[in-house]
Structure formats: C-alpha cells, structure tokens
Amino acid sequence: MIERVTKENLDQYEAFIKKHPKGLFQHSSKWAKVKSAWKWEAVMLRDEDGNIKGSADVLIRTVPVIKASLLYCCRGFVADEDDFATFDALFAALLDIAKEYHGYCIKIDPEITVENKAYKQHLLNKGFVELNPGCMDFENVQPRFVYCFDYNGLNEQELMLTFKPDYRNRIRKAPKKGVEVKVMGTEALDDFVRIMQETGERDNFSTRPKSYFEQIMNCMGEDCRLYMAYYEGKAVAGTLAIKWGQNVMKYQYGASSNAHRNVYPNYALQWAMMQWGIECGCKVYDFGGISGDCQNPDNPHYGLWRFKHGFGGYMKEFIGEFDYVINKPVYHLYNLATKILEKVRK
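Attention in this report is confined to the structure presented alongside it. Given the structure is predicted, the values throughout are model-derived calculations rather than measurements.

### Notes on the pairing of strand β14 (residues 321-325)
- The element β14 is largely enclosed, with a buried count of four among its five residues.
- Relative to β14, strand β5 (residues 103-108) is paired through four bridges, and the arrangement is antiparallel. Looking at the pairing, isoleucine 106 lines up with tyrosine 324 of β14.
- As judged from the three bridges shared by strand β6 (residues 129-131) and β14, these two strands associate in the antiparallel manner. Bridging across to β14, leucine 131 finds its partner in glutamate 321.

So, in structure tokens, the structure goes:
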C-alpha cells in the first residue's frame, strides 16, 4: 500500500531511510529544509504486514509564468535495487504527485552502480531518457563518479595501515607541527566561508554563501559536523561532514588556505572525519565526486583524485542521470531557455 509522508508518519519514514542500505541524507526531510527554494514530497510503500518496503522523495520547483514544475528525485529510491515491483509502485505514486504540481519532468540520478545493467534498462523501459551518456566529468547534477572506501569494521590502527605510507606520516606529523583540529559550531563559519572563497578562486569554482552552510548545520543537527584546522591560532582549512545512520560518512565540503599547506591540515581533517565514521559504525567513507578520467595527469581534476587515492579505496561509477518527460513542449522550452541564459552569463 502506498501512503504519502505526512507529519503523522514522518518519524517512521526517517527511521526507514536511516536504516535501509540505500538510504542517504539527501532523502531526508532535514535536507529538504536546506533546499528551502524547493517544495518536498515523499511516499512510502508498505507490505501486507505494514512494514515499509521502499520510499521515494522529490524536490519540486515550479517555473514562474508557465506554472509547470520539475520534480527531482535526488539519488533515486530507497528500496532494494532488484525489486522492480516496488520501483514501479513508487514511480506510479510520483506520477500522481507530478499531476498535482503540473510536473513537466521527473529527474532521477540513482546511486546504482553501472554493474546493475538491469536497473538502467528498467528506467529506459519505463520511458526515462539518459542525459549526457558517457560523460566523464561533472556534467550532471550529482557526480557520476565518486571515490570511497569501505570501513570493513576496521579500528583506527587497522584503517591507517590501508593508507599510503606518506599519508600516514602526514597525518601523524600534522599535530606535531602545531595543527589542531576542532569540531566547531556556526560561529566558525566566517572563517570557513573565507577559506572556501579562497579555494574557489584557486580551483576555479563558484562558492556558497555563509547562510547556506548555516542552514545545513541547523537543519542536519547532530548528523553534521564542521571540522576546522588551526595553525598558530588561525583557521587554515575546514571540512563539512554529514553522516547518515550507519550507511555513509560523507565528506561534503572542503576548503583550504593557500598558506601553511606544508603542515598538512587537510590530511588531519580527513583523518578526523574518518575517526567519526568509526565511532558511528559507518560502513562507507565517501570522498565525494571525482572525474571518470581522473587518472589522466592532463585532466584538470587529476590532483583531486591523487589526493583521495592516497587514502586507499576505489572509484564507483553510477548509471547516470535520467529524465522522464511528461510535457515535451515545456521541457524543451525550459532547456532551451536555460542554455541561452548560460551563454549570456558567459
């Protein structure tokens, strides 16, 4: 039986997505509050005994003037990935929600790896269209490639032994050189945002305002931590980590100053987040997105892969991003307008 998530059953929904192996913080109503410009809706499927079998949630944004909406199902459904009957029931429920909001498209980017060819084929059979097939960098809304490692129940000493020798040395040297890592509250966001802006200028990416990170910390609560690295009393680097149940410890945002990189604050920060993952019993540490062509020294993202690779681990490739088009004229008009705006801004 399908049921809509409401205030009355929200706790049951949140408990399910925290326990299920496919549950991520992006599926939570807490994260939906971070994305305050979007409306949030979610559905659950129960079995005959009343147990939740699967869930799906969407962020909804209505386009002004035409009053049509995009429904974005970030990282897909929370359900066993081979249970296509549950997928179909949840998808049918999302189509009903799309009717209510005059939806022109349902966008989905499941955290399903490319090895599951049947899942991708099922999406195509349902009428979804793949976007940017074969993309290797960051063309999609969410990274198609991520880097991570499995904790495998290792303690700190055992986990450290999986890192490259020079990484172990840098982690140990950082505190000896005077680096101090602290878990901070929102009072440290001025420093974090300042360093983030410095990072964005150096690596050529746009950055978020302080209010966005403040929103994350306030909405995610104990599931989020701001780690700051200090050297000689000054903030030199910072990271924002989000954990979700015992599934994933996610390195969500990172910033580092151009100065004092020789005292290894970034290595100390990664280790602090990894230790939190051990404390929480997490199964996976997620370094976030990388390029699929990351091992090519000529790729501009090569340094990102090289840094993450030193901690051990492996690369995952997901099946990609897909659109289910409901209203073709509106869909094509919106995409055309978006491309024109991108050219004007350039």
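Now that the structure is up, let's keep going.
### Concerning the packing of aromatic side chains
- Per the counting criterion, the structure on display carries 30 aromatic pairs.
- For the ring pair phenylalanine 163 and phenylalanine 311, a centre distance of 5.3 Å and an interplane angle of 85 degrees mean the geometry is edge-to-face. Of this pair, phenylalanine 163 sits in the loop between α5 (156-160) and α6 (165-176) while phenylalanine 311 sits in the loop between α10 (302-309) and β13 (314-317); the two residues are 148 residues apart in sequence, bridging distant segments of the chain.
- For phenylalanine 163, a relative accessible area of 3% corresponds to the buried category.
- The class of phenylalanine 311 is buried, set by a relative accessible area of 1%.
- On the numbers, 5.2 Å between centres and 90 degrees between planes, the contact of phenylalanine 213 with tyrosine 253 is edge-to-face. In this pair, phenylalanine 213 sits in helix α8 (residues 210-220) while tyrosine 253 sits in strand β11 (residues 248-256), placing the two residues 40 residues apart along the sequence.
- A residue is classified by how much of its surface remains accessible, and tyrosine 253, at 18% relative accessible area, is buried.
- Grouped by ring-pair contacts, the aromatic residues Tyr147, Phe149, Tyr151, Phe163, Tyr167, Tyr264, Tyr267, Trp271, Tyr285, Phe287, Phe307 and Phe311 constitute a single cluster.
- Over the ring of tryptophan 244 we find lysine 18, and its NZ or CZ is 4.8 Å from the ring centre.
- When the ring centre of tyrosine 212 is taken as reference, the NZ or CZ atom of arginine 208 above it lies at 4.1 Å.

### Some words on the pattern of salt bridges
- Scanning the model with the defined rule gives 19 salt bridges in all.
- With its nearest N and O atoms 3.0 Å apart, the salt bridge here joins aspartate 223 to lysine 30. One end of the pair, aspartate 223, is in the loop between α8 and β9 (224-231); the other, lysine 30, is in helix α2 (residues 29-34), and 193 residues separate them in sequence.
- Between glutamate 321 and lysine 107 there is a salt bridge, with the nearest N and O atoms lying 2.8 Å from each other. With glutamate 321 in strand β14 and lysine 107 in strand β5, the pair connects residues that are 214 residues apart, well separated along the chain.
- Connected through salt bridges with shared partners, the residues Lys18, Lys30, Asp223 and Lys243 form a single ionic network.

Rules used throughout
- The residue numbers shown here count from 1 along each chain, following its written sequence.
- It should be noted that, the model being predicted, local features are given only for residues of pLDDT at least 70 and side-chain atom pairs only at 80 or more, the latter also being counted only at that level, while totals for whole chains, interfaces and linings use all residues.
- In computing side-chain values, all of the structure's heavy atoms are included and hydrogens and water are not.
- Remark: exposure states derive from per-residue accessible area (1.4 Å probe, protein chains only) relative to the maximum for the residue type, with buried under 20%, exposed over 50%, and partly exposed in between.
- Every helix listed is a DSSP run of H or I at least four residues long, and every strand listed is a run of E at least two residues long, numbered separately from the N terminus.
- Two strands qualify as a pair provided DSSP detects at least 2 bridges between them.
- Each Phe, Tyr or Trp ring, with Trp reduced to its six-membered ring, pairs with another whose centre is within 6.5 Å; inter-plane angles below 30 degrees give stacked pairs, above 60 give edge-to-face pairs, and intermediate values give tilted ones.
- By the criterion adopted, a ring carries a charge over it if an Arg CZ or a Lys NZ lies within 6 Å of its centre and within 35 degrees of its normal.
- Should a side-chain nitrogen of Lys or Arg be within 4 Å of a carboxyl oxygen of Asp or Glu, the pair is scored as a salt bridge.

On their own, these measurements won't tell you what the molecule is for.
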